[in-house]
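# Coordinate inspection notes
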Amino acid sequence: MKKNIFISLLLIAVAILPNNLFAADLRVRGGLLSVNTKDIETQGTIIQLVIPFSALLYSTVIGDWEGDMQWAESIGSTVVSTQILKWTIHEERPYQADNTSGQSFPSGHTSFAFAGAAYWQRRYGWYIGAPMYLAASYVGYSRVRAKDHNWADVIAGAALGIGFNYLFTTRYSDGTNISVQPTDGGAYLHFSTKF
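Rules of the game
- Residues numbered from 1 in each chain as written.
- Predicted model: local features only at pLDDT ≥ 70, side-chain atom pairs only at ≥ 80, totals over all residues.
- Heavy atoms only, no water.
- Helix = DSSP H or I, 4+ residues; strand = E, 2+ residues; numbered from the N terminus.
- Buried < 20%, exposed > 50% of the residue type's maximum accessible area, 1.4 Å probe, protein only.
- Phe/Tyr/Trp six-rings, centres within 6.5 Å; stacked < 30°, edge-to-face > 60°.
- 1 Å grid on protein atoms, 1.4 Å probe; cavity = no way out; pocket = protein on both sides within 12 Å on 5 of 7 lines; lining within 4 Å.
- Points joined across faces, edges and corners; volume = space filled by probe spheres on them.
- Nonpolar A, V, L, I, M, F, W, Y, C, P; charged D, E, K, R; others polar.
- Axes fitted to C-alpha atoms, helices over the stretch in contact; angles between N-to-C directions.
- Parallel < 35°, antiparallel > 145°, perpendicular 65-115°, else oblique.
- Left-handed = near helix turned anticlockwise from the far one by under 90°.
- Contact = heavy atoms within 4.5 Å.
- Core = buried A, V, L, I, M, F, W, Y, C linked by side-chain atoms within 4.5 Å.
- pLDDT = per-residue confidence, 0-100.

What follows concerns the overall build of the protein. Helix and strand content of the protein: 6 helices and 4 strands. Secondary structure of the protein in N-to-C order comes out as α-β-β-α-α-α-α-α-β-β. Burial analysis of the protein (195 residues in total) assigns 39% to the buried set.

Written out as structure tokens, the structure reads:
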């Protein structure tokens, strides 16, 4: 019950957070509603942190220590691999306004966001993973919109984040298992739990 309430609140926060952020950056220009690109970039930066750290917080709150370790392995591998690729490939950003020359491929914001979303999905299921993937996709969009990355950078970042979760993250089990085994003239219902 506590787990379902926490997940429900988290889903509501993920749904409301972007709407509240959008409310601040909508401007009426010539009768049209527009969104400031810098505000979208800021939203993406915030969301890319919220997704993975909310996953770690949830795992810790429910006492899923194995999940905490899997989170660290998948997130750590994603971050390290992203940085190694950035420094070895030297891809220029679409709009080079700062001193980050040659650090476009892959998108670090996107890889971090997708690593968190993939952890949610692999560990706790699609009902929480799907909205997290949508939020992570928004992070990727924000990076392209801000001209910090192109779509290839974003897709590569997403692939890294998802891929390492497929290597390190397993489905969470709280120790309760229910199964049905058909027999002649009926079925056996098997139930087991850990205390």
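To continue, consider the packing of aromatic side chains. Scanning the model with the defined rule gives 11 aromatic pairs in all. Taking the centre distance of 5.0 Å and the plane angle of 85° together, the rings of Tyr58 and Tyr124 count as edge-to-face. Taken as a pair, Tyr58 in helix H2 (residues 37–61) and Tyr124 in helix H4 (residues 108–124) lie far apart in primary sequence, 66 residues in all. Relative accessible area serves as the criterion here: at 0%, Tyr58 is assigned to the buried category. For Tyr124, a relative accessible area of 5% gives the class buried. Ring geometry for Phe164 versus Phe168: centroids 6.3 Å apart, planes at 10°, classification stacked. Of this pair, Phe164 and Phe168 both sit in helix H6 (residues 151–168), 4 residues apart, which is roughly one turn of the helix. On the basis of relative accessible area, Phe164 is assigned to the buried category, the value being 17%.

With that out of the way, let us pick up the layout of surface pockets. Size it by volume and the largest pocket reaches roughly 160 Å³. Lining the largest pocket, in full, are Gln48, Val79, Thr82, Gln83, Lys86, Arg93, Gly108, His109, Ser111, Phe112, Arg143 and His149. For the lining of the largest pocket, the elements supplying multiple residues, two or more each, are helix H3 (65–89) and H4. When the residues that make up the lining of the largest pocket are grouped by side-chain class, the tally is 2 nonpolar, 7 polar and 3 charged.

Moving on: the packing of H3 against H6. One can describe the packing of H3 onto H6 by two numbers: an axis separation of 9 Å at closest approach and a directional angle of 140°. One finds that H3 runs oblique with respect to H6. At the point where H3 passes H6, the crossing takes the right-handed sense. Every residue of H6 that contacts H3 at Gln70, Glu73, Ser74, Ser77, Thr78, Ser81, Thr82 and Leu85 is listed here: Leu160, Gly161, Phe164, Asn165 and Phe168. Along the lines of polarity and charge, the residues of the contact of H3 with H6 split into 4 nonpolar, 8 polar and 1 charged.

Next up on the list: the nonpolar core. Counting residues in each nonpolar core, the largest one holds 24 residues, and the members touching the most others are Ile47, Ile51, Ala117, Trp120, Tyr124, Met132 and Ala136. The dominant element in this core, judged by the number of residues it contributes, is H4, at 9 residues.

Of all residues in the protein, 71% have pLDDT values of 70 or greater, and the mean over the chain is 79. Averaged over each element, pLDDT in the protein is lowest for strand S1 (residues 26–29) (46) and highest for H4 (94). Note on residues 19–34: pLDDT under 50 across the span, and 20 contacts to partners over four residues away in sequence or across chains.

Along the chain, Tyr172 falls in the loop between H6 and strand S3 (177–183). Note: C-alpha distance between Tyr172 and Glu66 (106 residues apart in sequence) is 8.8 Å.

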